Amino acid sequence: MKKIYLIFSFAMFSFLCQAQDKINEIENSIPEGVFKVITGKVFSKELPDTSLLLLINSNPAQANFNNAFILSSENKLLPISTSESNEYTVIIPKTKAYILLINKKQAQISFIGIANSYEFKTKAAIASNPLLKQFTQQEFLGYGLSYNRSTWDAIKIRNSPYHFAYNILHNADLQNPALSRNLSSSSVEVNPNLISPGGSCTSGGTGATQCSIDGAFGTGCSVTCGTGYYACCDDNTVKCYCVKNP
């Protein structure tokens, strides 16, 4: 029995090492370099306003989410198929214009964000790398990508009565409960980005493609916007989003 256990342990260790080697290869394929790597469970939520909400729990000691991405698009996005039984790796390049969502079990890489020359070069480098030939690629592209940091109640996220990204996040925010208290009723919900869009930017504004908010205890958000949009960050409502140029 001990011999079988040792063989299993070695096989598992070997598998984990090979998986990490693949992640390192993917990181090395990113021409602008890597800002951050997050590993954990992923939950995706389709939204009615042609945007996508992706949440990550990178702390196995608790069940809540601590990282979130909002992809905004002018067109309806196909749903991202994720399973909370799998562990994913998310790589954020230094430009923060897109992320790589890596499903190691299914050997699949999803590019989520804004199409640009860096994203194109990363896809090409991965596709041409013989060590990564087993990975398939798919894209989910839009005009803006927001990266958010806080702690969100997982149950409230899954069962949220709200339908728009920042309403869903604010309703479930455990580190800043005032955000929930300031929400209007879900029965009269409106898209928060349509309320005086761009009228209350505490950073960013016309001409800016990026802005960010740094809150207490590592909370905050940042956003990168594509052509035809500018970045708007509002400290008062803790929102980072893109506004269409007038």
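From a predicted model like this one, the values you see are computed outputs, not experimental measurements.

Scoring rules and cut-offs
Residues numbered from 1 in each chain as written. Predicted model: local features only at pLDDT ≥ 70, side-chain atom pairs only at ≥ 80, totals over all residues. Heavy atoms only, no water. Disulfide = S-S within 2.5 Å. Helix = DSSP H or I, 4+ residues; strand = E, 2+ residues; numbered from the N terminus. Buried < 20%, exposed > 50% of the residue type's maximum accessible area, 1.4 Å probe, protein only. Core = buried A, V, L, I, M, F, W, Y, C linked by side-chain atoms within 4.5 Å. Contact = heavy atoms within 4.5 Å. Arc of directions from axis to C-beta. Polar contact = N/O pair within 3.5 Å; in protein donor to acceptor, adjacent residues only side chain to side chain. Pairing = 2+ DSSP bridges.

Visitor: Before we go on, may I ask you to explain the state of the cysteines in this structure?
Guide: Put plainly, two cysteines are in a disulfide when a covalent bond ties their sulfur atoms together. According to the stated counting rule, one finds four disulfides in the structure shown. There is a disulfide in this structure between Cys-225 and Cys-242, and the S-S distance comes to 2.1 Å. Residues Cys-225 and Cys-242 are joined by a disulfide whose S-S torsion is about -95°; by sign, that bridge is left-handed. Residue Cys-225 is located in strand S11 (residues 220-225), and its partner Cys-242 is located in strand S13 (residues 239-244); the two are separated by 17 residues in the primary sequence. Just as Cys-225 is buried, Cys-242 falls in that class too. Numbered in order of appearance, the disulfide-bonded cysteines of the chain are paired 1-5, 2-6, 3-7, 4-8.

Visitor: What exactly am I supposed to notice about the nonpolar core here?
Guide: What tends to happen in soluble globular proteins is that the nonpolar side chains get buried as a cluster. Counting residues in hydrophobic clusters, the biggest one holds 28 residues, and the most contacted among them are Leu-53, Leu-55, Trp-152, Ile-157, Leu-169 and Val-223. At the level of secondary structure, the elements contributing two or more residues to this core comprise strand S2 (51-57), strand S3 (65-72), helix H3 (154-158), helix H4 (165-172), strand S10 (210-214), S11, strand S12 (229-234) and S13. Of the residues forming this core, the biggest block, five residues, is contributed by H4. Setting aside its immediate chain neighbours within four residues, Leu-169 contacts Leu-53, Leu-55, Ala-68, Ile-70, Asn-148, Trp-152 and Ile-157. In this structure, Phe-69, Leu-77, Ile-80 and Tyr-88 belong to the second largest nonpolar core, which totals 18 residues.

Visitor: Can you help me understand helix H2 (residues 117-127) in this one?
Guide: For an α-helix the count is 3.6 residues per turn, leaving residues at separations of three or four pointing the same way. Of the positions making up H2, those classed as buried are Glu-119, Thr-122, Lys-123 and Ile-126. Taken around the axis of H2, the buried residues stretch over an arc of 100°, which confines them to a single face. Near the N-terminus of H2, the side chain that reaches the backbone nitrogen of Tyr-118, with its oxygen 3.2 Å away, is that of Asn-116.

Visitor: Mind showing me how you'd approach the pairing of S11 here?
Guide: Along any regular strand, the residues point their side chains to alternate faces of the sheet. The element S11 is largely enclosed, with a buried count of six among its six residues. Alternating positions in S11 separate into two faces, Gly-220, Ser-222 and Thr-224 on one and Cys-221, Val-223 and Cys-225 on the other, with burial throughout. Relative to S11, strand S8 (residues 144-152) runs antiparallel, the two sharing six bridges. Across the sheet, the residue bridging to Tyr-147 is Ser-222, located in S11.

Visitor: Explain the sheet that holds S13 here, please?
Guide: To summarise the sheet geometry, strands pair through backbone hydrogen bonds and adopt either a parallel or an antiparallel arrangement. Strands sit in the order S9-S12-S13 across an open sheet of three strands; the sheet is antiparallel. Among the strands making up the open sheet, the edge pair consists of strand S9 (203-204) and S13. Note that S9 and S12 share two bridges and pair antiparallel. Within S12, the residue paired with Ser-203 across the bridge is Cys-233.

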